[in-house]
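# Survey of secondary and tertiary structure
The residues making up each chain are set out below.
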Amino acid sequence: MSAIHVRVPFRRTLLSLAVGATICSLPAQAQDAVAPAAVDLLVAQAGAGAAVIEAAQAAVAVSVVEEVEVLGHERVTAVAQDLKQFGNQVQVISAEQIEAGGYTNMAELAQGLIAGAYVGYSPDEGEFTIRLDGGGDRDTLVTLDDVPLYDRGPGVEDIWGSTLIDPHMIESVEVFRGGQSLYFGSNAGVGLVSIRTKKPDGTQKGEMGFSYGSFNTREIWGNYSFPLTASGKHSVMFYGGRLGTDGPTIFSRESQTDNHLAAGGITDYSNSRDDIGVKYLWKIDSSSQLLANLQYVQIDFQDTFPNTTIYGPTKSKMPLFNLSYNKTWSSAVRTDITASYRKPELINTKFLPEICRIEAGCQSPGNPSTTIEWGHWTGRLEPQTQRGIGINAIPAGFEEMIVTALNHVSFTPSVGATLGAQSTNYRDASDARVRIDDDIVSSNALIADLHLTPTFSPGTNLSIAGRVENEKSFGTKTIGKFGLHQNLPGSTFVRVNGGNSFSLPRTNELYSNTDTMVGNPDLKPEKTKTLNYGAGANLRFGEAQVQVEIGGFATDITDRIQSTSGLTPNTRYNTDAVTEIRGMVADVQVQLASNWLLSANYTQQKAEVEGTHRQIDATPEWFATGQLRYTTSDRRYQFNLLPRLQGRTITNGPIASVPAYNWGDWFVLNATAQYWAGEGREHRLQLRLENILDEDYSNRGLFGNLQYASAGVRREVLPTDPEYYYPYAFQAKPRSVFFTYSYEF
């Protein structure tokens, strides 16, 4: 692979520009005075102490600023408040909401709580991705404490970083719909899911819990933080967890070929996740702090398919180190620096049923006097090439280092800006047998974002921004973004944001060659243009609070990278036609006193390749989620209903004569009941019911072929025949029950 080798002086120049720049706004800017409590929250979350908070409150007293509420939760990071204020749709999901849902992995959480989200792959497979508003895996970015979990594409198999997230360690999830590549990198062209985890704060505290339920699912987790000094200036947190499950049956017997069934069929759906880590917080002074995290996560799962791999033990490992430094220089100037290093690795061994491919028949491996008929299973399994077995397994992976520096300053109450830089460096770290270059690929970006809140136009917040990024193989790319939020009378508003982005081809898409997939070194970057808009209101009726927003989005993706399907082998290619995604959204949340909460989210999306009038694969035409929550006045009992409806969701046929397979059109209802015991509600008991109505539904649908079936081997059916292909579903959980106990101390 062509790569850029960045000299140290150039990197130092980038860092100097980022650290030395002083343009941008603190999040609390608008037209009316912000409440002091709001300033406390925003500045405190930026790492400031009491002195800075007092200075900020004094500055706000003479500013013309207006507070902007964020749908879903009132406690948000400064970044979320800032993006919301300047025209972005922002949803914030709290740890309490996640806890109430009883989710065991990030895919379940996304399906249940994130507006506009649907899952790539399946929550029960052991690997999955999260997608927003018609986007795919390469334009919906997931970050963990500002660390992008994007897969760089190792040579053997994909490594999906979202799989490695432990929901019990999540403090909040912030969802930004619309293009977000400006600050977060080039793979957020449709949206961003930003996950913030729990951390030490200078006090002594902890929590632990365990869960057991259907499919022999068992889980244990905990974290404990304590100060190293009496003042709490230095503190640490240790955390970890273990999840193991036999898993539900994903593939029906009807979906497996005759030779797979002859070999006993796919029976192992187990998966596990192990997570351990330590965090260190240094409160340097009242205006600055340093937070460091060292973490190791490992997952084990089966990567099987009913027409190919009958047994596929797979292991993913991800060591991660990241740190953040925050400095508030004054009430108008702040610096944020983040750095991360990760080196994920995957071992993906796959076994296929060995088939007799000799017309005269084959000698039985177990009984030489017996002849195996042509096209039938021989009684043995054969390993898929280029993956290895046992101690000779071929590990694939990559290593990545990212440094981001952003400086924020408010010039006047009406003008502010952000200037910064980001350097992303990665290389393939697969075994030498994978035969992919390990040259460093370096992508360096400069970032500028101008914020305007003009005094002559009350309630107007305008953002105009740009990002210039360079990578040697693909040249210089420019990302532009704008945002506008206009407050209107009666606590109503309109908003709009738009821009462009791109996504480089991944390493395996370019160069990896296997029996089933070959690389394409001529791939071009995907290019994305998006527009996201909406109008809403934040209303109060006595003790009732209502937040409602209706909007839409329009996204065009050119040179989209896709895979062929049903061929032997498949490959990747850039589509010539534009992928056009158009949709509308509706979100409402109603809080009745402190007892009742009702929320509902609806997304409709039409995603077609230009001129085809056919929905693209694995993109629901519409879906809706909701939550009905009741909490007793003493806060001891809580009950939650969590429905999800999903409309037509198709996988298109591998050849023109094969019709699309619809695996959508379903409704599933989940529920939880919780009870808190102890004087301080420190003991929590939860009963979780999943798929209460026992709906027969699918999380994913694909087309298989008869390559390993007797009829296909004997050429009774050819790849040009529609009968050579058949659809199959990744079955979701049937009715299931889970019990959880947790303790805070």
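A brief look at the structure comes next. (Residues numbered from 1 in each chain as written. Predicted model: local features only at pLDDT ≥ 70, side-chain atom pairs only at ≥ 80, totals over all residues. Heavy atoms only, no water.)

With that out of the way, let us pick up the nonpolar core. If you look at the biggest cluster of nonpolar residues, it comprises 33 residues, and the most contacted ones within it are Met 106, Leu 109, Ile 114, Val 173, Val 193 and Ile 195. Of all elements in the fold, only α6 (106-113), β2 (117-121), β3 (128-132), β4 (140-144), β6 (170-177), β7 (191-197), β12 (288-302) and β13 (313-330) reach the threshold of two or more residues within this core. In terms of residues, this core owes the most to one element, α6, which gives five residues. Ignoring sequence-local partners within four residues, the contact set of Met 106 consists of Ile 114, Phe 128, Ile 130, Ser 162, Ile 165, Pro 167, Ile 170, Val 173, Val 193 and Ile 195. Core analysis: the next-biggest nonpolar cluster, separate from the first, contains 20 residues, Trp 663, Tyr 724, Tyr 728 and Phe 730 among them. (Core = buried A, V, L, I, M, F, W, Y, C linked by side-chain atoms within 4.5 Å. Buried < 20%, exposed > 50% of the residue type's maximum accessible area, 1.4 Å probe, protein only. Helix = DSSP H or I, 4+ residues; strand = E, 2+ residues; numbered from the N terminus. Contact = heavy atoms within 4.5 Å.)

Next up on the list: unusual backbone geometry. Of note, Arg 681 is a non-glycine position whose phi angle comes to about 55°, a positive value. Along the chain, the position of Arg 681 falls in the loop between β37 (666-677) and β38 (683-690). Even without being glycine, Arg 715 reaches a positive phi, approximately 60°. Here Arg 715 lies in the loop between α10 (710-713) and β40 (725-731).

Our next topic: the sheet that holds strand β29 (residues 561-563). Think of a sheet as strands paired side by side through backbone hydrogen bonds, with each pair either parallel or antiparallel. Taken in spatial order, the three strands of this open sheet run β26-β30-β29, and their pairing is mixed. Both edges of this open sheet fall to β26 (517-518) and β29, since each of them pairs with a single strand only. Pairing between β29 and strand β30 (residues 570-574): three bridges, direction antiparallel. Paired with Ser 563 across the strands is Arg 572, a residue of β30. (Pairing = 2+ DSSP bridges.)

Right, let's talk about the side chain of Thr 77 for a bit. In this fold, Thr 77 is placed in the loop between α3 (50-61) and α4 (78-85). Among the residues examined, Thr 77 registers a relative accessible area of 16% and is labelled buried. Within the structure, the side chain of Thr 77 is placed 2.8 Å from the side chain of Glu 174, a separation counted as a polar contact. (Polar contact = N/O pair within 3.5 Å; in protein donor to acceptor, adjacent residues only side chain to side chain.)

Another aspect to go through is the sheet that holds β6. Pairing is mixed across the open sheet formed by five strands, whose spatial order is β1-β6-β7-β4-β5. Both edges of this open sheet fall to β1 (89-94) and β5 (147-148), since each of them pairs with a single strand only. As judged from the five bridges shared by β4 and β7, these two strands associate in the parallel manner. Across the sheet, Leu 144 pairs through a bridge with Ile 195, a residue of β7. Contacting β1 and β6, α4 runs over the sheet at an angle of about 20° to β6. Each of β1, β6 and β7 touches α6; the most contacted strand, β6, lies at about 55° to it. (Axes fitted to C-alpha atoms, helices over the stretch in contact; angles between N-to-C directions.)

Right, let's get into the state of the cysteines. Within this structure, the stated rule accounts for one disulfide. In this model, Cys 356 is linked to Cys 362 through a disulfide, with the two sulfur atoms separated by 2.1 Å. Around the S-S axis, the bridge from Cys 356 to Cys 362 shows a dihedral of about 85° and counts as right-handed. Residue Cys 356 shares its accessibility class with Cys 362, and that shared class is buried. (Disulfide = S-S within 2.5 Å.)

Further remarks concern the pattern of salt bridges. Per the counting criterion, the structure on display carries 42 salt bridges. Here Lys 317 and Glu 345 are joined by a salt bridge, their closest N and O atoms 3.9 Å apart. Highlighted residues: Lys 317 in strand β13 and Glu 345 in strand β15 (residues 345-348), separated in sequence by 28 residues. Linking Glu 469 and Arg 467 is a salt bridge whose minimum nitrogen-to-oxygen distance equals 2.9 Å. In this structure, Glu 469 and Arg 467 share a single accessibility class: buried. (Salt bridge = Lys/Arg side-chain N within 4 Å of Asp/Glu carboxyl O.)

A word on α6. In terms of burial, α6 is a largely internal element, eight of the eight residues being buried. Where α6 begins, the side chain of Asn 105 points an oxygen toward the backbone nitrogen of Ala 107, at a separation of 3.1 Å.

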